Amino acid sequence: MSGERERALRLRRLLDVQGRKRQMEEWRLAALQREAIALHETSAEILASLGEQCVLNGLFLEGRASALRRNEGLIVRNRSAQDISEADLNAARAIEKRLEREASAAGEVAARVEEQSDLLTALDDYLVARSASFE
């Protein structure tokens, strides 16, 4: 197997690995987005529970405010984790795209080298057969 063919195969394997890495980053980002939705729903539930329906509502106000502050802190951390995850995903996509182009170019080079080798072999076979017919 030629060096170009081996290089093309290695690049294809790297491309597969990079594709899996990108997919993992997409899953991580999706999980963070689902978590953000759940945190926003929790905040909405806490705010809705502060209604005027109960006379004893003032007794639990501090606990609910504390829970709301804690939940807002989680939302801020989740948003920063999403930003980091989006940056990682964009980097993984860029690497995958470069690998894709490089693997395609390496495949073309390997195909050209293989075709050239086949043509030279066919030419040698023809010339050997031709010179044998003169003897």
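First, a word on what this report is: a plain description of the structure on this page. (Residues numbered from 1 in each chain as written. Predicted model: local features only at pLDDT ≥ 70, side-chain atom pairs only at ≥ 80, totals over all residues. Heavy atoms only, no water.)

**Remarks on the overall build of the protein**
Condition: Secondary structure elements follow DSSP: runs of H or I no shorter than four residues count as helices, runs of E no shorter than two count as strands, and numbering proceeds from the N terminus. Only protein chains enter the area calculation, which uses a 1.4 Å probe; residues under 20% of their type maximum are buried, those over 50% are exposed, and those in between are partly exposed. Only heavy atoms enter the contact rule, under which two residues are in contact if any of them lie within 4.5 Å. Computed with the Shrake-Rupley method and a 1.4 Å probe, the accessible areas treat only the protein chains shown as cover for residues.
Along its length, the protein carries two helices and zero strands. Here the protein holds 135 residues, and the buried ones make up 20% of them. When contacts within the protein are restricted to residue pairs at least 6 apart in sequence, those whose partners lie at least 24 apart make up 81%. Accessible surface computed for the protein: about 9900 Å², of which carbon and sulfur atoms make up 58%.

**Things to note about a nonpolar patch on the surface**
This is how it is decided: Surface patches are drawn from residues lacking salt bridges whose relative accessible area is over 30%; two like charges belong together within 9 Å, two nonpolar side chains (Val, Leu, Ile, Met, Phe, Trp, Tyr) within 5 Å. A pairing counts as a salt bridge when a side-chain nitrogen of Lys or Arg comes within 4 Å of a carboxyl oxygen of Asp or Glu.
Taken together, the side chains of Leu120, Leu123, Tyr126 and Leu127 present a nonpolar region at the surface, about 400 Å² in accessible area. Looking at the element boundaries, Leu123 is found in helix H2 (residues 61-134). A relative accessible area of 43% places Leu123 in the partly exposed class.

**Details of the side chain of Ser85**
Counting through the fold element by element, Ser85 comes out in helix H2. Every residue in contact with Ser85, bar those within four places of it in the chain, is listed here: Glu25, Arg28, Leu29 and Leu32.

**Points about the side chain of Gln82**
With respect to the helices and strands, Gln82 occurs in helix H2. Its relative accessible area of 5% is what places Gln82 among the buried residues. Excluding residues that lie within four positions of it along the chain, Gln82 makes contacts with Leu29, Leu32, Gln33 and Ala36.

**Overview of the nonpolar core**
Our working definition: We call a set of buried Ala, Val, Leu, Ile, Met, Phe, Trp, Tyr and Cys residues a nonpolar core when their side-chain atoms join them within 4.5 Å.
The biggest cluster of nonpolar side chains holds seven residues, and these are Ala8, Leu11, Leu15, Leu99, Ala103, Ala106 and Ala110. Secondary-structure elements contributing two or more residues to this core are helix H1 (3-48) and H2. Beyond its immediate stretch of four places on either side in the chain, Leu11 contacts Leu99, Glu102, Ala103 and Ala106.

**Looking at the environment of Ser104**
With respect to the helices and strands, Ser104 occurs in helix H2. Taking the C-alpha atoms as reference, Ser104 lies 8.6 Å from Arg12; in sequence the two are 92 residues apart.

**Details of H1**
Stated precisely, the cut-off is as follows: In a helix, the anticipated span is given by 1.5 Å times the number of residues less one.
With 46 residues, H1 extends 67 Å between its outermost C-alpha atoms, agreeing within 8% with the 68 Å of an ideal straight helix rising 1.5 Å per residue. Considered for burial, the residues of H1 that qualify are Ala8, Leu11, Leu15, Gln18, Gly19, Glu25, Leu29, Leu32, Ala36, Leu39, Ser43 and Ile46.

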